[in-house]
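Descriptive analysis of the structure
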Amino acid sequence: MTGQYGYAGKILKVDLSSGNITHVPTSDYADLFLGGRGIAAKIYWDEVPPQIEASHPENRLIFMTGPLCSVPGFASRFQICGKSISTNQFSFCNLGGSWGAQLKSAGYDGVVVSGKADKPVYIHVDGDKVEVRNAAHLKGKNGFYCQNEIKKELGESVRVLTVGPAGDNMVSFATFLASDDSVGAGGLAGVMGSKNLKAISVRGDKKFKVASADKLSKLRRRIRQMSGGYVEPLLAMGLLTPRDRLKKSFCQGCPAGCVRATYPNPEGSQRKFMCQAAMFYETRAQRYYGNTDVALKATELCDDYGLDTRATETMIMWLSRCHKSGILTDEGTGIPLSKIGSYEFIETLLQKIAHREGFGDTLAKGTHKAARSLGSDAQKLIKDYMTRSGDNELYGPRLYITTGIFWAMEPRLPIQQLHEVSVPVMLWGARQKGLKEVPVTTEVLRAMAKRFFGGELGVDFSTYDGKALAAVRIQDREYAKESLILCDLFWPIYFSEAAPDGVGDPSIESQICSAVTGREVDEVGLYKIGERICNLQRAILAREGHKGREYDLIDEYNFTTPLKGDFGNPDCIVPGKDGELFSRKEVVVDREQFENMKGEFYRIRGWDVPSGLQSRAKLEELGLGSVARTLEREGLLR
Ligand code: SF4
């Protein structure tokens, strides 16, 4: 039985309606579901009735670490799962920083919150002592303020996960703010507001054991030899803020190094700078002021109010179009739309949305709903760039083909899966542009695809062939990664200059899992766990209305609007047949070939090809017999 090594051993359960505080052994779940997304999905399947609204007290907020959380060298990421306020479906997010590691040190692998408090509260976990404390003084306050107040009450050593006013007010794109400015979206932060839960603070000093410290240190050495550090320049590509103002700041225990950094804000605090959040408002501020200082502040404001920078960015694109076409005015909205790029604009916008003031209440429902309430002219202004989840199109199927499977089947922006396709191809692109320190030649990329995507066709973007198999391989690995949990900015290690063929080792994650937990698992075994979790999530979504092929859709513009460019790749250059340069500029997705690719994907997954529904045989093979019986009763199995 799994559980002796790598785990704290217990999952905390807090019912805010009754005040009951209990715990269950992690080993009840770990054998089949490993940790992170896997265990959270199983708890969700068991406990959340499919028909309830996200704001119902029976919804759960499930905070789960995994066996690698807080093991030095592998960071301290954790997942949050539950039913999303935005979509009323299962959703998830993945955060770093140090909150997850501290939760594990307090003796818990996860926290499951149910019910609804009758007044604002926060949960404090201090080793074995767990309390539900008054948070009336924090209700409606911003995230950084709450973190500071709770630290004043409990001491600097606590780690605090909180929500700002956007979460309190159930804004559809509200975010969590955890220690070290870690942020999580997915439409779940509003569930905190629905439960009257303002924060969870954690502290602990318990240690847990790994099965083989020796094997682990050998693996760490090997990983250091393999990883080239060339991902960082790729991630930093396109950022306008001068790098000399930044200081590297990694999540607790992560040796990797990505673009994660901090910068000093004018008030003297260090604030986070990374990935998409680092680019938020940059070009608009640059255009307005000639520098990006306000962009840094804009990201900080989003974190503070608790609003998703990605969703806000796409909303600003739409607001700008509405203003230019005269649908919205400064006077009518109370928002200075004529000054997009200024501090005044972004501050007013965020404040109004987070507090649902005036027109901010309309915007708090998300861009699609806001546009619907304004009428068809406003709706037309979003149709060719925003996905139905409210995100800006990114790494889409017109460019990468394979990613159409992820966009069609996942309940939210599947950024981790998208990265698995886009990062190696972008590294190859950087090499093609003459960046010699990036070792990803065409030969190396194709060798990588054989090992990681099931065949060289996985990186031939002149054809739909081989993409379904690549999607299955990527998903199985990704679900396992989200359960261990490993960060997608570093894993998998696709390339290694230490290897004769330049290719990394896809079995390394399974070796780490074995060294930490003591369970013997190889690459295939780890992917099997990923496949199980993928199937469980598919079953959850089926019960919530996403019933197979006819729901596995990508946005219509993919079939009708030719591709104009992609992040860092304006000419849409990807590898084609035999690795030759191939441009997908002006390309649309071919409807028939896309449906064929879906069919091939269902076939490889062992699902019913015409309907896309799961099969009893596959679920039973994966140890999900009771899931199969439930789906069968509800007419969701073939
Ligand atoms: S790679 Fe970056 S984001 Fe990922 S765990 Fe490490 S520091 Fe955090």
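Details of the structure are given in the entry above.
Quick look at the structure, then. (Residues numbered from 1 in each chain as written. Predicted model: local features only at pLDDT ≥ 70, side-chain atom pairs only at ≥ 80, totals over all residues. Heavy atoms only, no water.)

1. Describing the site of the ligand
Let me state the cut-off plainly: Consider each residue's heavy atoms; a residue with any of them within 4 Å of a molecule or strand counts as near. Any residue outside Ala, Val, Leu, Ile, Met, Phe, Trp, Tyr, Cys, Pro, Asp, Glu, Lys and Arg is labelled polar, Gly included; the first ten of those are nonpolar and the last four are charged.
Taken together, 11 residues sit near the ligand, with Arg 77, Cys 251, Cys 254, Cys 258 and Cys 487 positioned nearest. Of the residues in the shell around the ligand, the class split is 9 nonpolar, no polar and 2 charged.

2. A look at the pairing of strand β12 (residues 197–203)
This is how it is decided: Using a 1.4 Å probe on the protein chains alone, a residue whose accessible area is under 20% of its type maximum counts as buried, one over 50% counts as exposed, and one in between counts as partly exposed. Numbering of helices and strands starts at the N terminus; helices are DSSP runs of H or I of at least 4 residues and strands are runs of E of at least 2. Strand pairing follows a simple DSSP-based rule, namely that at least 2 bridges must link the two strands.
β12 sits mainly inside the fold: 7 of its 7 residues count as buried. Strand direction decides the pairing type here: strand β7 (residues 121–126) and β12, joined by 6 bridges, are parallel. Residue Asp 126 lies in a different strand from β12, and its bridge partner there is Arg 203. Pairing geometry for strand β9 (residues 159–163) and β12, over 4 bridges, is antiparallel. Within the sheet, the bridge partner assigned to Val 160 lies in β12 and is Ser 201.

3. Things to note about the packing of helix α2 (residues 36–47) against helix α24 (residues 523–543)
The test is simple: For helices, the fitted line uses only the C-alpha atoms of the stretch in contact; every axis is such a line through C-alpha atoms, and the angle between N-to-C directions lies from 0 to 180 degrees. Handedness of a crossing follows from how the near helix is turned relative to the far one, being left-handed for an anticlockwise turn of less than a right angle and right-handed for a clockwise one. Contacts are assigned to residue pairs with any non-hydrogen atoms lying within 4.5 Å of each other.
The geometry of α2 relative to α24 is characterised by a closest axis approach of 10 Å and an angle of 35 degrees between their N-to-C directions. Handedness of the α2/α24 crossing: left-handed. Contacts from Arg 37, Gly 38, Ala 41, Lys 42, Tyr 44 and Trp 45 of α2 reach α24 at Ile 533, Leu 536, Gln 537, Ala 539, Ile 540 and Arg 543. Here the residues of the contact of α2 with α24 are counted per class, giving 7 nonpolar, 2 polar and 3 charged.

4. Digging into a positive patch on the surface
As a reminder, the rule being used: Grouping into patches uses exposed residues only, defined as over 30% relative accessible area, and leaves out salt-bridged ones; the cut-off is 9 Å for like charges and 5 Å for nonpolar side chains (Val, Leu, Ile, Met, Phe, Trp, Tyr). Using a 1.4 Å probe, the Shrake-Rupley method yields the accessible areas, and only the shown protein chains count as cover for residues. In what follows, salt bridge is the name for a side-chain nitrogen of Lys or Arg lying within 4 Å of a carboxyl oxygen of Asp or Glu. Within this scheme the basic residues Lys and Arg register as positive and the acidic residues Asp and Glu register as negative, but His and the chain ends are omitted. Think of each charge as sitting on NZ of Lys, CZ of Arg, CG of Asp or CD of Glu.
Taken together, Lys 215, Lys 218, Arg 221 and Arg 224 make up a surface patch of like positive charges. As for its placement among the helices and strands, Lys 218 is situated in helix α7 (residues 213–226).

5. Notes on the sheet that holds strand β13 (residues 247–248)
Read across the sheet, 3 strands follow the order β13-β14-β15 without closing on themselves; strand pairing throughout is antiparallel. Because the sheet does not close on itself, it has two edges, and the strands there are β13 and β15 (270–273). For strand β14 (residues 261–264) and β15, the ladder comprises 4 bridges, and the chain directions are antiparallel. Bridge pairing links Tyr 263 to Arg 271 in β15.

6. Describing the sheet that holds strand β4 (residues 78–83)
With mixed pairing, the 6 strands of this open sheet are ordered in space as β2-β1-β6-β3-β4-β5. Because the sheet does not close on itself, it has two edges, and the strands there are β2 (21–25) and β5 (90–95). Between one strand axis and the next, the sheet turns by 15 degrees as a mean value, whatever way the strands run. Note: strand β3 (residues 61–64) against β4, 4 bridges, orientation antiparallel. Bridge pairing in β4 links Met 64 to Gln 79.

7. Considerations on the pattern of salt bridges
In total, this model carries 43 salt bridges according to the counting rule given. A salt bridge links Lys 13 to Glu 47, with the shortest nitrogen-to-oxygen separation between them at 2.5 Å. In this pair, Lys 13 is assigned in strand β1 (residues 10–15) and Glu 47 in helix α2, connecting sequence segments 34 residues apart. We classify Lys 13 as buried; its relative accessible area is 18%. Using a relative accessible area of 16% as the deciding quantity, one classes Glu 47 as buried. Residue Arg 284 pairs with Glu 313 through a salt bridge whose shortest N-O separation is 3.7 Å. Separated by 29 residues along the polypeptide, Arg 284 in helix α10 (residues 282–289) and Glu 313 in helix α12 (residues 309–324) bring together distant segments of the chain. This pair shows no difference in class: Arg 284 is buried, exactly as Glu 313 is. In the salt-bridge network here, residues are joined through shared partners; they are Arg 446, Lys 450, Glu 456, Lys 577 and Asp 578.

8. Details of the packing of aromatic side chains
The criterion, for reference: Classification of ring pairs uses Phe, Tyr and Trp, with its six-membered ring standing for Trp, and accepts pairs whose centres are within 6.5 Å; under 30 degrees between planes counts as stacked, over 60 as edge-to-face, and the remaining range as tilted.
The final tally for this structure, using the stated rule, is 19 aromatic pairs. Aromatic side chains Tyr 281 and Phe 345 sit 6.5 Å apart centroid to centroid with 20 degrees between the ring planes, which places their arrangement in the stacked category. With Tyr 281 in the loop between α9 (275–279) and α10 and Phe 345 in helix α14 (residues 343–354), this residue pair connects regions lying 64 residues apart in the sequence. Pair check on accessibility: Tyr 281 and Phe 345 agree, each one buried.

9. Regarding the nonpolar core
What counts here: For this analysis, a nonpolar core means a set of buried residues of the types Ala, Val, Leu, Ile, Met, Phe, Trp, Tyr and Cys, connected via side-chain atoms within 4.5 Å.
Grouped together as the largest cluster of nonpolar side chains are 71 residues, with contacts concentrated most on Phe 63, Ile 80, Phe 176, Tyr 281, Trp 318, Ile 346 and Leu 363. Other than its neighbours up to four places away in sequence, Tyr 281 contacts Val 294, Ala 295, Ala 298, Glu 313, Ile 316, Lys 339, Ile 340, Gly 341, Ser 342, Phe 345 and Ile 346.

10. Comments concerning the state of the cysteines
Each disulfide consists of a covalent bond between the sulfur atoms of two cysteine residues. Operational definition: In plain terms, two cysteine sulfur atoms within 2.5 Å form what is called a disulfide here.
Going through the model one piece at a time under the given rule, you end up with 0 disulfides. Looking at the unpaired Cys 81, the closest cysteine sulfur is the one in Cys 93, lying at 7.6 Å.

11. Some thoughts on α24
To keep things clear, this is the line we draw: Here a helix's expected span is defined as the number of its residues, less one, multiplied by 1.5 Å.
For α24, with 21 residues, the first-to-last C-alpha span of 31 Å sits near the 30 Å given by 1.5 Å per residue. Counting buried residues along α24, 17 of its 21 residues qualify, which places the element largely inside the surrounding structure. With its phi angle positive at about 115 degrees, Gly 545 sits one or two positions after the end of α24.

12. Details of α14
Note the cut-off: Counting of polar contacts relies on pairs of N or O atoms within 3.5 Å, with two restrictions inside protein: one atom must be capable of donating a hydrogen and the other of accepting it, and residues adjacent in sequence are counted only when both atoms are side-chain atoms.
Taking 1.5 Å per residue as the helical rise, α14 with its 12 residues ought to reach 16 Å, and the 16 Å between its terminal C-alpha atoms agrees with that figure. Residues of α14 that are buried include every one of Phe 345, Ile 346, Leu 349, Leu 350, Lys 352, Ile 353 and Ala 354, and no others. Of the surrounding secondary structure, the elements contacted by the buried residues of α14 are α5 (165–168), α11 (293–305), α12, α13 (330–333) and α15 (359–363). Its side-chain oxygen placed 3.0 Å from the backbone nitrogen of Phe 345, Ser 342 serves as the N-cap of α14. Positive backbone phi, at 55 degrees, marks Arg 356, one or two positions downstream of α14.

13. Regarding the side chain of Thr 314
Following the sequence through the fold, Thr 314 ends up in helix α12. A residue is classified by how much of its surface remains accessible, and Thr 314, at 0% relative accessible area, is buried. When neighbours within four sequence positions are excluded, Thr 314 is seen to be in contact with Tyr 385, Met 386, Gly 390, Asp 391 and Asn 392.

14. Description of unusual backbone geometry
A cis amide bond links Leu 484 to the next residue, Ile 485, at an omega of 0 degrees. Of note, the amide linkage connecting Trp 491 to Pro 492 takes the cis form, showing an omega dihedral of -5 degrees. Looking at where Pro 492 falls in the secondary structure, it is placed in the loop between α22 (467–484) and α23 (508–517). The backbone phi angle of Met 170 is positive, close to 55 degrees, even though this residue is not glycine. With respect to the helices, strands and loops of the structure, Met 170 is situated in the loop between α5 and β10 (176–178). Positive phi is not limited to glycine here, since Cys 572 has a value of about 55 degrees.

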